[in-house]
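# Close look at the chain arrangement
Listed below, chain by chain, are the residues.
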Amino acid sequence: MSVAKKDYKRITTKSLIEMKENNEKISMLTAYDYTMAKIVDAAGIDVILVGDSASNVMAGHETTLPITLDQMIYHASSVVRAAERALVVVDLPFGSYQSDPKEALRSAIRIMKESGGHAVKLEGGSEIKESIKRILNAGIPVMGHLGLTPQSIYKFGTYTVRAKEDAEAEKLIEDAKMLERIGCFALVLEKIPAKLAKKVAESISIPVIGIGAGNGVDGQVLVLHDMIGMTHEFNPRFLRRYMNLYEDMSNAIGQYVSDVKSLDFPNENEQY
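Report follows, based on the coordinates. (Residues numbered from 1 in each chain as written. Predicted model: local features only at pLDDT ≥ 70, side-chain atom pairs only at ≥ 80, totals over all residues. Heavy atoms only, no water.)

Along the backbone of the protein chain there are 11 helices and eight strands. Against the globule reference of 19 Å for 272 residues, the protein chain gives a C-alpha radius of gyration of 20 Å, in line with a compact fold. The dimensions of the protein chain, computed from C-alpha atoms along their principal axes, are 65 × 50 × 40 Å. Scored against the burial criterion, the 272 residues of the protein chain give a buried share of 48%. Summarising the internal contacts of the protein chain: among those between residues at least 6 apart in sequence, 57% fall at separations of at least 24. Of the roughly 14,300 Å² that the protein chain leaves accessible, carbon and sulfur atoms contribute 53%. For the protein chain, the distance from the average site of its 32 positive side-chain charges to the average site of its 36 negative ones is 7 Å. (Helix = DSSP H or I, 4+ residues; strand = E, 2+ residues; numbered from the N terminus. Rg over C-alpha atoms; globule rule 2.2 N^0.38 Å. Buried < 20%, exposed > 50% of the residue type's maximum accessible area, 1.4 Å probe, protein only. Contact = heavy atoms within 4.5 Å. Areas by Shrake-Rupley, 256 points an atom, 1.4 Å probe, with all protein chains shown as cover. Lys, Arg positive; Asp, Glu negative; His and termini not counted. Charge placed at Lys NZ, Arg CZ, Asp CG, Glu CD.)

Now the structure itself:
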C-alpha cells in the first residue's frame, strides 16, 4: 500500500524521520553560498549540507582539514539566508570537536548562534561519543557520519571504500546503533559496501543517507559542484553528473572574451 507524500513547507529533523517511516527517499546536496543555495532550495531539495568539502571546492585545498570554524560559519550563514524550505546541516570542521567535549559544544553553539544553521554533523563513532552527547544535551540536533570520514584521511591514508572487512563492518553497525541510541536524528554513510549500508538502514529507525553506499538507504547526498559538472577532475563510481557545467561555462566565458576583443560586446542595444 503506497502512502501519499506529505507536502512539507519546511523540512525539520522530525520531517526526515517521517519520510523514512513513509518510505519516501531523502534528497540532500551541498551548498556553500547564497546564490547556489537559493537555486538548490527552490528546486525542492530536502537537506542542504554546508559541508567541510568547501575546503576542496571553494578554497582549493587538497583535503577538508584546513577549513576553519570561522569559515564554516561564514559559508553556513550565506546558505541559511537562502534556504526557505530545506533543513540546513553544517559540518563541524576538523579540530573543533574531536579532543574535548566542551570544545565540541562551544563549536556547535557558535555555528547555531552565528550562522542560524538547523543542525550540525560530526564524523566518527564511539571515539567521539562524549562530544556528541554534550552537544545533544544542549538541544542541538546532530547528524552522524560513518564509513569513509574525510577528516581522518591521514589516519586511513586513502579514500578507498571502508568497512569491507568483517571487524570494521561490525564496528560500523555498532557505532550506527550507538548514534541512534544517544539521540542523533540521522546518519550519513560514505563509501561503504551497498549490502552493509542497507543492513544498517534496516537496523536503525533514524534516516540513513548514503554517498557511495548504494540505493538500499533512506536518501542520497552528493557534492553540488560534482553533480552539476563544475568540477571535472573527480570521477568516483558513485558520482552521476547531471550537467557538464564546466564545459558550458568555459565556452560561455571564451565567447565573452572573443566578443569583448572583437568589439562585438557591447553592441548598440547594450549601452546607454
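Next up on the list: the sheet that holds strand β1 (residues 26-30). Spatially, β1-β2-β3-β4-β5-β6-β7-β8 is the arrangement adopted by the eight strands of the closed barrel, whose pairing is parallel. Here the strands of the sheet are splayed against their neighbours by 25° on average, with no regard to which way each runs. Note that strand β3 (residues 87-91) and strand β4 (residues 119-121) share three bridges and pair parallel. Residue pairing across strands places Asp 91 opposite Lys 121, the latter belonging to β4. Set on the sheet, helix α5 (residues 101-115) makes contact with β3 and β4; between it and β4 the angle comes to about 135°. (Pairing = 2+ DSSP bridges. Axes fitted to C-alpha atoms, helices over the stretch in contact; angles between N-to-C directions.)

In this section: α5. For α5, which comprises 15 residues, the first-to-last C-alpha distance of 21 Å matches the rise-based estimate of 21 Å (1.5 Å per residue) to within 8%. All buried positions along α5 are accounted for by Ala 104, Leu 105, Ser 107, Ala 108, Ile 111 and Ser 115. Projection of α5 onto a plane perpendicular to its axis shows the buried side chains occupying an angular sector of 165°, all on one side. The elements touched by buried residues of α5 are α4 (69-82), β3, β4 and α6 (129-137). (Expected span 1.5 Å × (residues − 1). Arc of directions from axis to C-beta.)

Running from amino to carboxyl end, helix α2 (residues 34-42) crosses α4 at an angle of 40°, the nearest separation of the two axes being 8 Å. Judged on the interaxial angle alone, α4 and α2 are oblique. Once α2 is placed against α4, the crossing between them reads as right-handed. Residues Tyr 34, Ala 37, Lys 38 and Asp 41 of α2 pack against Ser 78, Val 79, Arg 81 and Ala 82 of α4. Of the residues assigned to the contact of α2 with α4, the class counts are four nonpolar, one polar and three charged. (Parallel < 35°, antiparallel > 145°, perpendicular 65-115°, else oblique. Left-handed = near helix turned anticlockwise from the far one by under 90°. Nonpolar A, V, L, I, M, F, W, Y, C, P; charged D, E, K, R; others polar.)

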